[in-house]
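# Commentary on secondary and tertiary structure
Here is what each chain is made of, one letter per residue.
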Amino acid sequence: MPDEDGRLSLLLSLADDELIIGHRHSEWTGWAPHLEEDIAFSSIGQDEMAHARLLYELAEPLAGRTPDELALGRQPKEYRNAVICERPNGDWGYTIARHYLYDTADDVRTRALEASSWSDLADAVKVIRLEETYHLDHARAWFTRLAQGPVTARDRLTRGLEQAVAESLALFEAPAGEEALLADGVVARSSEDLLAEWLGQLGSDLEAASLDYVLAAHAPVGDLVPTSSGEAEERPTLEVPGIERRDGRWVHTGAFAGEGGRRGRHGEDFQALWEEMTALYRQVPGASW
Amino acid sequence: MTTTTLEGQVREVLATVPDPEIPVCSIVDLGMVERVAADDDAIEVDLLPTFIGCPAKDIIGQEAERAVREVAAHREVRIRFVLRPAWTTDRITEAGKAALREFGIAPHWDRGSGPVVVPLMKPGSGVRCPYCGSTRTLQESSFGATPCRAQHFCSACRNPFEGFKEK
């Protein structure tokens with residue numbers, strides 16, 4: 001995939017994030033803890049895939065490939081989604097932690113894109129945001145519910161955050177060619193600027209739930225909760241690379257975990273997802289259904 | 001003069017095209033028809049999608065084209081989906097609201113006060129039950145059988161019902 005056009009990099013970053021996390025959400029169909037959540041994640045997944053398609057339509061003339069070709073006809077290394085989006089759903093705690101982190105981050109970046117000088121993108125983002133507001137409410141409601149306990153729920157959410165926080169920062173890894181996009185006003189603000197805003201908001205949210213220690217190197221709260229055998233469970237200390245607390249705010253200071261998604265670097269998890277997601281398309285190229 | 005009449009005819013036939021998932025409402029009732037332009041060569045219709053991932057969108061486009069062809073004579077028919085302005089629930093007509101209610105989908109504007117966003121089950125969503133008219137209702141989930149519907153429950157008549165999702 002040619003990389004020279006910054007607009008294409010930007011669109012693929014946004015669209016691939018939505019497609020891949022939408023695919024993960026769809027995996028809850030038939031398996032969520034109760035029927036309403038089964039429907040909720042299926043519906044959110046359907047929305048996210050539709051947003052991806054809309055963005056691929058904008059990308060079509062730049063990429064010279066149709067939306068279907070972009071969604072299903074690329075090799076794994078051509079996808080630009082952040083690594084956090086491709087991680088398996090894990091348990092409900094991880095799912096909610098990632099859902100919350102992803103949708104709060106997506107809210108920050110799409111709000112900024114409403115001011116894009118590229119009117120087709122600004123229009124698309126405005127329509128997308130009318131639907132994303134439901135995803136954000138859903139994520140926040142579940143975040144709060146699990147954070148308020150009981151202990152098992154809070155502990156699972158905490159573990160989920162410990163696993164997801166570091167990699168979620170890389171949602172703000174800049175797409176290739178961002179400087180030119182800034183100069184043209186296609187993006188109004190840099191990825192670093194957006195990350196700073198999101199980190200500030202994340203710090204406040206986590207602090208309000210007394211969960212902000214997941215941003216620091218820490219001993220997980222599980223250490224305080226004995227297992228049924230009465231023994232504290234061993235868990236490794238988590239460090240979130242690339243951020244530190246200065247003057248009461250979390251700031252980004254360098255590289256981060258999960259970096260490389262925007263340049264097509266993905267893990268084993270992505271390979272398995274890609275093989276399943278594209279199986280039919282690869283067997284019957286051009287199939288429609 | 002003829003142009004105006006033709007545009008009127010096009011709007012009339014569009015008013016016969018239903019939303020396949022809510023057959024009592026036409027795409028005109030739902031406020032999906034943004035623009036109709038007609039001249040001697042072509043008829044152009046711009047439609048707004050309600051929800052981006054609405055699976056009925058393609059069918060609606062095909063049905064609109066079929067309906068417009070009835071009055072198009074020799075003219076080319078061009079149906080497009082556009083994103084500006086963004087479709088919102090405010091665009092649903094009074095007739096559309098009445099039809100939705102009759103169909104058993106509560107329109108969110110049946111609520112007394114301003115918009116309330118209820119992400120998880122919460123008492124007092126206040127949407128009027130389309131069956132018994134009570135506002136002692138709760139929203140069970142923002143997500144339902146289609147991208148545009150939410151799930152409610154009426155504490156008065158003990159019926160679950162669907163509501164149109166506010167945008």
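## A few points about the overall build of chain A
Looking only at helices and strands, one finds 11 helices and 2 strands in chain A. Secondary structure elements of chain A, listed N to C terminal, follow the sequence α-α-α-α-α-α-α-α-α-β-β-α-α. Relative to the globule expectation of 19 Å for 289 residues, the C-alpha radius of gyration of chain A, 19 Å, shows essentially globular dimensions. In terms of overall dimensions, chain A has C-alpha extents of about 60 × 45 × 30 Å along its principal axes. Expressed as a percentage of the 289 residues in chain A, the buried residues total 44%. Pairs at least 24 residues apart make up 72% of the contacts formed inside chain A by residues separated by at least 6 positions.

## Here we look at the pairing of strand 4 (residues 42-47) of chain B
Residue and element names in this part refer to chain B. With burial as the criterion, only one face of strand 4 is covered, namely that bearing I43, V45 and L47; the residues A42, E44 and D46 on the opposite face remain uncovered. Bridge count between strand 3 (residues 33-38) and strand 4: 5 bridges; the pairing is antiparallel. What sits directly across from V36, in strand 4, is V45. Connecting strand 3 to the next strand, strand 4, in antiparallel fashion are 3 residues. Sheet topology note: the strand 4/strand 5 (residues 76-81) ladder contains 6 bridges and is parallel. Across the sheet, D46 pairs through a bridge with R80, a residue of strand 5. This β-α-β element, strand 4 to helix 2 (residues 57-72) to strand 5, shows right-handed connectivity.

## Details of the interface of chain A and chain B
Frequently, the measure chosen for interface size is the accessible area that the parts lose on association. Contact with chain A, which involves 24 residues of that partner, is made by 16 residues of chain B. Of all the elements in the fold, those that place two or more residues in the side of chain A that touches chain B are helix 2 (35-63) and helix 6 (119-147) of chain A. Top element by residues in the side of chain A that touches chain B is helix 6 of chain A. It accounts for 13 residues. Residue composition of the side of chain A that touches chain B, grouped by class: 12 nonpolar, 4 polar and 8 charged.

## Some points on the sheet that holds strand 5 of chain B
Residues and elements named next belong to chain B. Here we have 3 strands laid out as an open sheet, ordered 3-4-5, and mixed in their pairing. Because the sheet does not close on itself, it has two edges, and the strands there are strand 3 and strand 5. When strand polarity is set aside, the average angle formed by the axes of neighbouring strands in this sheet is 10°. Seen against the sheet, helix 2 touches strand 4 and strand 5 and runs at an angle of roughly 155° to strand 5.

## A look at the nonpolar core
Core analysis: the biggest nonpolar cluster contains 102 residues, and L11, A15, L55 and A59 of chain A together with I27 and A64 of chain B have the highest contact counts within it. Here this core gets 10 residues from one element, more than from any other, and that element is helix 6 of chain A. For this core, the two domains that each supply at least three residues are domain 1 (2-90) and domain 2 (104-164) of chain B. Setting aside anything within four residues of it in sequence, one finds L11 of chain A in contact with L55, L58 and A59 of chain A. Judged by nonpolar contacts, the second largest core, of 7 residues, contains W28 and I44 of chain A together with F143 and A150 of chain B.

## A word on the confidence of the model for chain B
When the pLDDT values of chain B are averaged, the result is 87; 88% of them are 70 or greater. Across residues 114-119 of chain B the pLDDT falls below 50, and counting only partners more than four positions away or on other chains, this stretch makes 11 contacts in the model.

## So, the packing of helix 5 (residues 92-113) of chain A against helix 6 of chain A
Residue and element names in this part refer to chain A. Close contact between helix 5 and helix 6 brings their axes to 8 Å; oriented N to C, the two are set at 150°. Between helix 5 and helix 6, the interaxial angle falls into the category roughly antiparallel. Seen from above, helix 5 lies across helix 6 with left-handed handedness. Considering only residue class, the contact of helix 5 with helix 6 consists of 12 nonpolar, 5 polar and 6 charged.

Calculation rules
- Residues numbered from 1 in each chain as written.
- Chains lettered and ligands numbered in written order.
- Predicted model: local features only at pLDDT ≥ 70, side-chain atom pairs only at ≥ 80, totals over all residues.
- Helix = DSSP H or I, 4+ residues; strand = E, 2+ residues; numbered from the N terminus.
- Rg over C-alpha atoms; globule rule 2.2 N^0.38 Å.
- Buried ≥ 20, exposed ≤ 12 C-beta atoms within 10 Å, placed from the backbone.
- Contact = placed C-beta atoms within 7 Å.
- Pairing = 2+ DSSP bridges.
- Right-handed = clockwise from strand over helix to strand, strands pointing away.
- Nonpolar A, V, L, I, M, F, W, Y, C, P; charged D, E, K, R; others polar.
- Axes fitted to C-alpha atoms, helices over the stretch in contact; angles between N-to-C directions.
- Core = buried A, V, L, I, M, F, W, Y, C linked by C-beta atoms within 7 Å.
- Domains from an automatic or database assignment.
- pLDDT = per-residue confidence, 0-100.
- Parallel < 35°, antiparallel > 145°, perpendicular 65-115°, else oblique.
- Left-handed = near helix turned anticlockwise from the far one by under 90°.

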